[in-house]
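Secondary and tertiary structure notes
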Amino acid sequence: MEDRAKLLILYATQTGNAQDAAERVAREAERRGCPVNPLSMDEYDARSLPHEDTVIFVVSTTGQGDAPDSMKAFWRFLLQRNLSKHWLEGVRYALFGLGDSGYQKYNFVAKKLDKRLSDLGAMAIIEKGLGDDQHPSGYEAALDPWMSSLWSMLNQINHKFFPQGPDFVIPDMKLIDQPKVQITYHCNDEVDPQFLPNSDLKWIEMQIERARSMSPGKFNPNKNRPHCFLKMIKNQPLTRAGCEKDVRHFEFEFVSSAIEYEVGDILEVLPSQNPAAIDAFIERCNLDPDAFITVHTREIDNHLLHTCTTVKVPIKLKAFVALTMDVASASPRRYFFEVMSYFATAPHEKERLQYFASAEGRDDLYQYNQKERRTILEVLEDFPSVQIPFEWLVQLVPPLKTRAFSISSSPSAHPNQVHLTVNVVSWTTPFKRKRSGLCSMWLAHLDPEQSTHVPAWFQKGTLYPPPPSLPLILIGPGTGCAPFRGFVEERAIQSESGATAPVIFFFGCWNENNDFLYRDFWLSHSQNDGVLSKAKGGGFFVAFSRDQPQKVYVQHKMRENSRRIWNLLSEGAAIYVAGSSTKMPSDVLSAFEDIVSKEGGLPKESAVRWLRALEKAGKYHVEAWS
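Considering the overall build of the chain
- Looking only at helices and strands, one finds 20 helices and 22 strands in the chain.
- By the compact-globule yardstick of 25 Å for 626 residues, the chain fits well, its C-alpha radius of gyration being 26 Å.
- Residues classed as buried in the chain amount to 54% of the 626 residues present.
- The long-range fraction of contacts in the chain, counting pairs at least 24 apart against all pairs at least 6 apart in sequence, stands at 79%.
- As displayed, the chain has an accessible area near 28400 Å², and 50% of this comes from carbon and sulfur atoms.
- In the chain, 70 positive and 76 negative side-chain charges are present, and the distance between their average locations comes to 5 Å.

Next up, the structure:
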């Protein structure tokens, strides 16, 4: 087959979903006899794009309409003004986006990329597909029909893509190709004594880096080695015992060298998995926990911009599993069930797994797997006849990811410390199974007396630290208040040495007596000339949504104080919004539109444009999470 009939698939992922979708497109193309070249966008030289014949793009949208990190350099290249409208003439493309319609900028990245490719002269061969996390079957509900259209159109364009037609599929057993990873086992005497287990902090750091750099889970290379280790010194409940919520205030000290951070920054934590779950997984899969291994990716000729030649140091299998494979909290992807079906020896298990992996079984798989949040370990235990080789497990088990939290302290107020405000996640599934968040529950169970070392990374968030002269309008219901605790602490310290601009803060919670987070802190700063006091031009307003028959949210309190908000906006104030991504950010934006329209005497369309200009000027910041 000629090279030009090879299908290039470029993907950009933040959490791994877009990579899963891209790999699924690649597998389905290979099943039809079409060779593929799936690449992350940061592994592809964008200058080569005009020389491609056909490109499939699979991209996700993160945060508030942001591109994944792996796409940012590619996207900057495409935005260059010197690229003409004919630059991609002759290039055909198809695009699938992954997003969440609960966010304001649903699939924003896919829509932007589609327009830019078209503006540069490329031709779309089918309408872009838009996957939605809110759909009962997730993004796959849109991916399946989009792929069917894609195969049909590719076949019309060039029969060499599918020599036997788009409906011919290679028999499954022939397609269970070799896994993309290779495991090498090492004798104990091959292992340098300096790499044998010990409790030294430097050794633990190297262990984490070795494991994560070997993993095929596409970790950001900058996140293999922790920036530092933290030790918890306070674990304090913020909500009343017995109420439906469990929100904690955690304080940490730097154990290793302190990292400089600013208010508004993000702390990422690598959680520890339950040792009993790790042992159960290893036993279920008939693995030797004490074996020393190295993990290698099977390379193919894919025009990588660089080749990794690092010599890999062996690591214990148990440590590799514990540090890189999420065996007891993440749910497996659909492809995991497909691969399981090849290794099932019991006929009824094979049949059920094949059904789950089929298009017809998609909704039932969603009910069994995602809806119940079954873990890898639980699924393996439900199908006891399945024995998957470790190579496949390393490839398919979801990677153990760091968890990101808004920092809730000012480094000026708490030198050598960092604070977090964390909702301890727990819920009951439709089949009445108790589930909990891996990281939040692990943190909640840490005892400050035990001196557990917590691997951590610091990152810039979307809430940039404001100068003391900038008036602030802060909206942070629930744990959305976390970054603003740091903002207020910082502004209070700045006010001791000079004049500072006013700050007004809108907080919301269910009940005054149950989940009024940091109550004393906010009230102290809203009195006696504090930075939130009316004497300083500020204000503190709380919406208790469930303390009266009629629900009251932050947007209601905003409208009650529309004149005060407008006055601050007229003085050049910046808006900061943090909290749940479901409806809150759009409800808050609507409230601002109403306030600008009413107080500024503007038509609604002009108020919308006014706020859009504020965002472009870097004065409307949103940090939301699901």
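Thoughts on the sheet that holds strand β22 (residues 620-625)
- Read from one edge of the open sheet, five strands run β20-β19-β18-β21-β22, paired in parallel fashion. Edge positions in the sheet fall to β20 (539-544) and β22, since each has one partner strand and no second. Pairwise comparison of adjacent strand axes, ignoring direction, gives a mean angle of 10° for this sheet.
- Sheet strands in contact with helix α19 (residues 584-600) are β18 (472-475), β21 (574-580) and β22, and its direction is about 150° off that of β21.

A word on the packing of α19 against helix α20 (residues 604-616)
- One way to put it is that α19 packs onto α20 with a least axis distance of 8 Å and a crossing angle of 115°. In terms of crossing hand, the pair formed by α19 and α20 is right-handed. Only Lys 604, Ala 607, Val 608, Trp 610 and Leu 611 of α20 make contact with α19, whose side of the interface consists of Leu 589, Phe 592, Glu 593, Asp 594, Val 596 and Ser 597.
- Of the residues in the contact of α19 with α20, the class split is seven nonpolar, one polar and three charged.

Structural notes on the pattern of salt bridges
- On inspection of all chains with the given rule, the structure shows 38 salt bridges.
- Ionic pairing is found between Lys 202 and Glu 205, a salt bridge with its closest N-O pair at 3.2 Å. You can see Lys 202 and its partner Glu 205 sitting in helix α6 (residues 201-214), three residues apart, about one turn around the helix.
- The partly exposed category is assigned to Lys 202, whose relative accessible area is 47%.
- Residue classification places Glu 205 among the buried residues on the basis of a relative accessible area of 12%.
- With a shortest N-O distance of 2.7 Å, Glu 209 and Arg 225 are connected by a salt bridge.

Considerations on helix α15 (residues 482-495)
- For α15, with 14 residues, the first-to-last C-alpha span of 21 Å sits near the 20 Å given by 1.5 Å per residue.
- Within α15, 11 of the 14 residues are buried, which leaves it mostly tucked inside the rest of the structure.
- Looking at α15, one finds that the buried residues are Ala 482, Pro 483, Phe 484, Arg 485, Gly 486, Phe 487, Val 488, Glu 489, Glu 490, Arg 491 and Ala 492.

Section: the packing of aromatic side chains
- Tallied over the full model, the rule gives 30 aromatic pairs.
- One aromatic cluster is present, built from ring pairs that chain together Phe 484, Phe 487, Phe 505, Phe 507, Phe 516, Phe 521, Trp 522, Phe 540, Phe 544 and Tyr 576.
- The ring centre of Tyr 368 lies 5.1 Å from the NZ or CZ of Arg 352, which sits over that ring.
- Directly above the aromatic system of Phe 521 lies the positively charged group of Arg 485, at a separation of 5.6 Å from the ring centroid.

Here we look at the side chain of Ser 440
- As for its placement among the helices and strands, Ser 440 is situated in helix α14 (residues 438-444).
- Here Val 425 takes part through its backbone nitrogen, which lies 3.0 Å from a polar atom of the side chain of Ser 440.
- Once you skip the residues sitting within four places of it in the chain, Ser 440 turns out to touch Val 422, Asn 423, Val 424 and Val 425.

A short note on the sheet that holds strand β12 (residues 315-316)
- Strand order in this open sheet of three strands is β7-β11-β12, and the pairing throughout is antiparallel. Lying at the two open borders of the sheet, with one neighbouring strand each, are β7 (181-186) and β12.
- Summarising the sheet, strand β11 (residues 292-297) and β12 pair through two bridges and their orientation is antiparallel. Bridge pairing links Phe 292 to Lys 316 in β12.

Details of the pairing of strand β10 (residues 266-269)
- Of the two faces of β10, the one lined by Ile 266 and Glu 268 and the one lined by Leu 267 and Val 269 are each fully buried.
- Taken together, the four bridges between β10 and strand β13 (residues 403-406) define a ladder with antiparallel strand orientation. Along β13, the bridge assignment pairs Glu 268 with Ala 404.

Brief notes about the packing of helix α9 (residues 334-343) against helix α10 (residues 347-357)
- For the pair α9 and α10, interaxial distance at closest approach is 8 Å and the crossing angle is 150°. When the axis of α9 is compared with that of α10, the two are roughly antiparallel. In the crossing of α9 with α10, the sense of the turn from one axis to the other is left-handed. Touching Arg 334, Phe 337, Glu 338, Met 340, Ser 341 and Tyr 342 of α9 are Lys 350, Leu 353, Gln 354, Phe 356 and Ala 357, all from α10.

Some remarks on the nonpolar core
- Among the nonpolar cores identified, the biggest contains 49 residues, and Phe 281, Phe 320, Met 325, Phe 390 and Leu 393 are the most heavily contacted of them.
- Setting aside chain neighbours within four positions, we find Met 325 in contact with Gln 273, Phe 281, Phe 320, Phe 390, Leu 393, Val 394, Val 397, Pro 398 and Leu 400.
- Of all hydrophobic cores here, the second largest spans 29 residues; its members include Val 247, Phe 487, Ala 492 and Cys 509.

Re the confidence of the model for the chain
- The predicted model of the chain averages 90 in pLDDT, with 93% of residues at 70 or higher.
- With pLDDT under 50 throughout, residues 300-309 is counted as low confidence; its partners more than four residues away or in other chains account for 12 contacts.

A short note on the side chain of Glu 489
- Looking at where Glu 489 falls in the secondary structure, it is placed in helix α15.
- A relative accessible area of 7% means that Glu 489 is categorised as buried.
- Within the structure, Glu 489 has its side chain in polar contact with the side chain of His 414 (distance 2.7 Å).
- When neighbours within four sequence positions are excluded, Glu 489 is seen to be in contact with Ser 408, Ser 409, Ser 410, Ala 413, His 414 and Phe 521.

Focus: unusual backbone geometry
- One non-glycine residue, Ser 451, adopts positive backbone phi at about 55°.
- Here Ser 451 shows up in the loop between α14 and β17 (453-459).
- Note on Ser 451: relative accessible area 36%, which makes it partly exposed.
- A positive phi angle, close to 50°, is found at Asn 528, a residue other than glycine.
- With respect to the helices, strands and loops of the structure, Asn 528 is situated in the loop between α16 (519-525) and β20.

Definitions and limits used
- Residues numbered from 1 in each chain as written.
- Predicted model: local features only at pLDDT ≥ 70, side-chain atom pairs only at ≥ 80, totals over all residues.
- Heavy atoms only, no water.
- Helix = DSSP H or I, 4+ residues; strand = E, 2+ residues; numbered from the N terminus.
- Rg over C-alpha atoms; globule rule 2.2 N^0.38 Å.
- Buried < 20%, exposed > 50% of the residue type's maximum accessible area, 1.4 Å probe, protein only.
- Contact = heavy atoms within 4.5 Å.
- Areas by Shrake-Rupley, 256 points an atom, 1.4 Å probe, with all protein chains shown as cover.
- Lys, Arg positive; Asp, Glu negative; His and termini not counted.
- Charge placed at Lys NZ, Arg CZ, Asp CG, Glu CD.
- Pairing = 2+ DSSP bridges.
- Axes fitted to C-alpha atoms, helices over the stretch in contact; angles between N-to-C directions.
- Left-handed = near helix turned anticlockwise from the far one by under 90°.
- Nonpolar A, V, L, I, M, F, W, Y, C, P; charged D, E, K, R; others polar.
- Salt bridge = Lys/Arg side-chain N within 4 Å of Asp/Glu carboxyl O.
- Expected span 1.5 Å × (residues − 1).
- Phe/Tyr/Trp six-rings, centres within 6.5 Å; stacked < 30°, edge-to-face > 60°.
- Lys NZ or Arg CZ within 6 Å of the ring centre and 35° of its normal.
- Polar contact = N/O pair within 3.5 Å; in protein donor to acceptor, adjacent residues only side chain to side chain.
- Parallel < 35°, antiparallel > 145°, perpendicular 65-115°, else oblique.
- Core = buried A, V, L, I, M, F, W, Y, C linked by side-chain atoms within 4.5 Å.
- pLDDT = per-residue confidence, 0-100.

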